Amino acid sequence: MTAFLARRLLAAVPVVLVVGVTVFVLINLAPGDPVQVMLGPDARPEQVERMRQNLGLDQPLPVQFGIWFSRALVGDLGESIFLRQPVTTAILSRLEPTLLLTFGAVFVAVAIGVTAGLVSGLKRGSWADQFFMFLALLGVSIPEFWLALNLVILFGVELRWLPVAGYVTIAEGGLWEAFRHVILAALAVGFIQSALIARMTRSSIIEVMSLDYVRTAHAKGLGRAKVILKHALRNALIPIVTVIGLVFALSLGGAIVVEIVFSIPGVGRLLIESVGRRDYPVIQGVVLYIALAYVLANLLVDMTYAVIDPRIRYD
Amino acid sequence: MTDLARTPQLSRARLAVRFANRRRGVVIGSFMVTTIVLVAIFAPWVAPSSPNAFDVVNRLQPPSTSALFGTDDLGRDIFSRVVYGARVSLAVGFLVSFACLVVGGAFGLLAGFYRPLDGPLMRVMDGFMSFPNIVLAILLMATLGASLENIVIALAITYAPRMARVVRSSVLQVRELTYVEAATALGARDARLLARHVVPNALSPIIVQWTFIFAYAILGEASLSFLGVGVPPEIPTWGTILNEGRVYIQRAAWLTVLPGFAILWTVLGLNLLGDGIRDMMDPHLRGKEAS
């Protein structure tokens, strides 16, 4: 397992490198000079030049990339042009709401998705199956941010059950208060992502239920619940877990849009704000962080395979 | 097709009814997509007023018979804006899916047909797929700048790898089949092999993917414009309309609720159509009731 982990982590380096180069090249192709944006239109040319030198922007691009990437590998993503603080600090200070939102969304997605998929797969063709599959179709067709806006109108503006905007950190108001601020956002993202899980669970269960060992389990007199949970679901889990890994990554992306709707000061909002301010180091840093989270989510999925299915070993 | 061929004694009308019953998804999806396309084409006749006509006296009016979807903070008729927005949103969706078909299709074809190219081409595609779509699109928009052309380019780059994957895998399947081998043995050149034998037989999953990318592109444009990094705010698209309405969510909820249904209607229609076509093409499901 350790050797496997080391191999996978090493394999992630080229991916991160490719992402790093892509981001770096794209950002440097962008029109608009960040120094000019920072100093305003009235800045004197020599001021601009001095600032460019201070930030290392006068170096050739490959050199700039080399410096940036080698520092990034040890966790130093440079200094934010606008916030006047290290990019790593900026990202870390916004990480809490995003992570809480992402995990909440994955929880909602798994709870709705697996239940709906299980019922649909076991009662194929029934009204429940049709209802859940229509719900899944809705899930892939509704824009996340619009669902979020509707939840704000219903639970925030009309019923006044939950806060409609902002965030209170765990340190300030405790876990429950922090969670209350991301519940609606997590519901919006989670519902959308549950569609994928529901469809995958359904087809996976339908396939497994027709296999010989399930018939054998029935034949030897096991109860239906036991057959489904111990024999069918467990064997249907591999594709489901794969989709859950994907959902984690997608939720991370969905969180970006939904954070704007709820004015949650997370990593997604940091990205959008930085795009507006042309704060290149932050944009680079956030995208690199998201790519890394993607790679780690996939790694986690692969490791879960071995837990679910003892036949899979990573020696 | 086989069903219809087997029952020649039925009248055309009864065949149509039978088809509609079996392929409910395709029929409903086609209906939904067709209506919105017609609305976009005939926008000047469908919309009661110009999408940008100010009427400050009647600002923030709730939905009524005179303004079906209400009016916004400048007194503009939201229904008219949604109708005209259909033109832009559908055009973006169509152009993005078409660009994906051409670019992603070419990459997928090359990777699937010429094995040495497979590794390098697909690694590039994987690179683009290694971060969330919306992040890549935002990054591209930050680079290119907010404009209608750039949103098409950004979304096409974002979704083209999906098309490339589908085209590659269906080409890989088809190229191993006997009739391709036979054509090769008869001395057909690569261009002829691809054009006459490989592409036509790999077409159905590509058509299905095309409808899905059309739907993704509409959602993508709406999300980017909603975030303010997409289409410039003066052009009415479903995303910009929702972005403008968001500010008044506490006072005028209709500004955000009603325009969203246009997106839902279109994307749902495209997804129903895509799912339906896939079921029709799937030999395992063919001839059974579509669920």
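For the structure, see preceding data.
Residues numbered from 1 in each chain as written. Chains lettered and ligands numbered in written order. Predicted model: local features only at pLDDT ≥ 70, side-chain atom pairs only at ≥ 80, totals over all residues. Heavy atoms only, no water.

1. Some remarks on the overall build of chain B
Here's step 1: Along its length, chain B carries 13 helices and zero strands.
Here's step 2: Counting helices and strands in the order they occur from the N terminus, chain B gives α-α-α-α-α-α-α-α-α-α-α-α-α.
Here's step 3: By the burial criterion, 50% of the 291 residues in chain B qualify as buried.
Here's step 4: Intrachain contacts of chain B at a sequence separation of at least 6 include 70% that bridge at least 24 residues.
Here's step 5: Surface exposure of chain B reaches about 13,700 Å², of which carbon and sulfur atoms provide 66%.
Here's step 6: Charged side chains of chain B number 25 positive and 18 negative; the gap between the two group centres comes to 8 Å. (Helix = DSSP H or I, 4+ residues; strand = E, 2+ residues; numbered from the N terminus. Buried < 20%, exposed > 50% of the residue type's maximum accessible area, 1.4 Å probe, protein only. Contact = heavy atoms within 4.5 Å. Areas by Shrake-Rupley, 256 points an atom, 1.4 Å probe, with all protein chains shown as cover. Lys, Arg positive; Asp, Glu negative; His and termini not counted. Charge placed at Lys NZ, Arg CZ, Asp CG, Glu CD.)

2. A closer look at the overall build of chain A
Here's step 1: Looking only at helices and strands, chain A has 12 helices and zero strands in total.
Here's step 2: Helices (α) and strands (β) of chain A occur, in sequence order from the N terminus, as α-α-α-α-α-α-α-α-α-α-α-α.
Here's step 3: Referenced to the eigenvectors of the C-alpha coordinate spread, the extents of chain A come out at roughly 85 × 55 × 35 Å.
Here's step 4: Here chain A holds 315 residues, and the buried ones make up 49% of them.
Here's step 5: Put simply, of all contacts in chain A between residues at least 6 apart along the chain, 71% involve residues at least 24 apart.

3. Considerations on the interface of chain B and chain A
Here's step 1: Taken together, the 37 residues of chain B in the interface contact 41 residues of chain A.
Here's step 2: When the two sides are added together, the surface that chain B and chain A hide from each other amounts to roughly 3,400 Å², 79% of it contributed by carbon and sulfur.
Here's step 3: Scanning the region where chain B abuts chain A turns up one salt bridge.
Here's step 4: Between B:Asp275 and A:Arg199 there is a salt bridge, and its shortest N-O distance comes to 3.0 Å.
Here's step 5: Scanning the region where chain B abuts chain A turns up six residue pairs in polar contact (both at pLDDT 80 or more).
Here's step 6: Looking at the side of chain B that touches chain A, the elements with two or more residues in it are α6 (115–129), α7 (133–144), α11 (203–227), α12 (238–246) and α13 (254–281) of chain B.
Here's step 7: Examining the composition of the side of chain B that touches chain A, we find that 12 residues originate from one element, α13(B), more than from any other.
Here's step 8: Class assignment for the residues of the side of chain B that touches chain A results in 25 nonpolar, nine polar and three charged. (Buried area = accessible area lost by both parts, 1.4 Å probe. Salt bridge = Lys/Arg side-chain N within 4 Å of Asp/Glu carboxyl O. Polar contact = N/O pair within 3.5 Å; in protein donor to acceptor, adjacent residues only side chain to side chain. Nonpolar A, V, L, I, M, F, W, Y, C, P; charged D, E, K, R; others polar.)

4. A short note on empty space enclosed by the protein
Residues and elements named next belong to chain A.
Here's step 1: All told, the structure shown has three cavities of 30 Å³ or more when counted by the stated rule.
Here's step 2: In this structure, the largest cavity encloses a volume near 60 Å³.
Here's step 3: Looking at the lining of the largest cavity, the elements that each hand over two or more residues are α5 (87–122), α6 (127–141) and α8 (170–209).
Here's step 4: Residue composition of the lining of the largest cavity, grouped by class: eight nonpolar, two polar and no charged.
Here's step 5: Quantified by volume, the second largest cavity comes out at close to 50 Å³. (1 Å grid on protein atoms, 1.4 Å probe; cavity = no way out; pocket = protein on both sides within 12 Å on 5 of 7 lines; lining within 4 Å. Points joined across faces, edges and corners; volume = space filled by probe spheres on them.)

5. A short note on the pattern of salt bridges
Here's step 1: This structure, assessed with the given rule, holds 15 salt bridges over all chains.
Here's step 2: Between A:Arg269 and A:Glu273 there is a salt bridge; the shortest N-O distance is 3.1 Å. One end of the pair is A:Arg269 and the other is A:Glu273, both in helix α11 (residues 267–277) and four residues apart, which spans about a single turn.
Here's step 3: For A:Arg269, a relative accessible area of 23% gives the class partly exposed.
Here's step 4: The salt bridge involving B:Arg81 is made with B:Glu244; its shortest N-O contact spans 3.5 Å.

6. A few points about the nonpolar core
Here's step 1: The biggest cluster of nonpolar side chains holds 143 residues, and the ones touching the most others in it are A:Phe145, A:Phe262, A:Val287, B:Ile138, B:Leu224 and B:Trp238.
Here's step 2: Here this core takes 12 residues from helix α5 (residues 78–113) of chain B, the largest share from any one element.
Here's step 3: If we ignore the near neighbours within four places in the chain, the residues touching B:Ile138 are A:Ile256, A:Leu271, A:Ile272, A:Val275, B:Leu224, B:Leu227 and B:Val229.
Here's step 4: In terms of nonpolar packing, the next biggest core, distinct from the first, is built from 15 residues, A:Val114, A:Ile197, A:Ala236 and A:Val247 among them. (Core = buried A, V, L, I, M, F, W, Y, C linked by side-chain atoms within 4.5 Å.)

7. Considerations on the layout of surface pockets
All names here are of chain A.
Here's step 1: Approximately 790 Å³ is the volume attributed to the second largest pocket.
Here's step 2: Lining the second largest pocket are 31 residues; nearest its centre among them are Tyr289, Leu292, Ala293, Val295 and Leu296.
Here's step 3: When residues of the lining of the second largest pocket are traced back to their parent elements, those giving at least two are α1 (2–29), α4 (61–73), α5, α10 (224–261) and α12 (280–308).
Here's step 4: Among the elements that take part in the lining of the second largest pocket, α12 stands out by supplying 11 residues, more than any other.
Here's step 5: The residue makeup of the lining of the second largest pocket, split by class, is 26 nonpolar, five polar and no charged.

8. Points about α11(B)
Here's step 1: With 25 residues, α11(B) ought to run about 36 Å at 1.5 Å a step, and its terminal C-alpha atoms sit 36 Å apart, in line with that.
Here's step 2: α11(B) sits mainly inside the fold: 19 of its 25 residues count as buried. (Expected span 1.5 Å × (residues − 1).)

9. Observations concerning the packing of aromatic side chains
Here's step 1: Overall, the coordinates contain 20 aromatic pairs over all chains when judged by the stated rule.
Here's step 2: A centroid spacing of 6.1 Å and a plane angle of 15° characterise the contact between B:Phe94 and B:Phe98, whose relative ring orientation is stacked. Highlighted residues: B:Phe94 and B:Phe98, both in helix α5, separated by four residues, approximately one helical turn.
Here's step 3: Owing to a relative accessible area of 39%, B:Phe94 belongs among the partly exposed residues under this scheme.
Here's step 4: On the accessibility criterion, B:Phe98 (43% relative accessible area) is partly exposed.
Here's step 5: Grouped by ring-pair contacts, the aromatic residues A:Phe24, A:Phe65, A:Trp68 and A:Phe69 constitute a single cluster.
Here's step 6: Over the ring of B:Tyr216 we find B:Arg162; its NZ or CZ atom is 4.4 Å from the centre of that ring.
Here's step 7: Positioned above the aromatic ring of B:Phe113, the side-chain terminus of B:Arg175 is 5.9 Å from the ring centre. (Phe/Tyr/Trp six-rings, centres within 6.5 Å; stacked < 30°, edge-to-face > 60°. Lys NZ or Arg CZ within 6 Å of the ring centre and 35° of its normal.)

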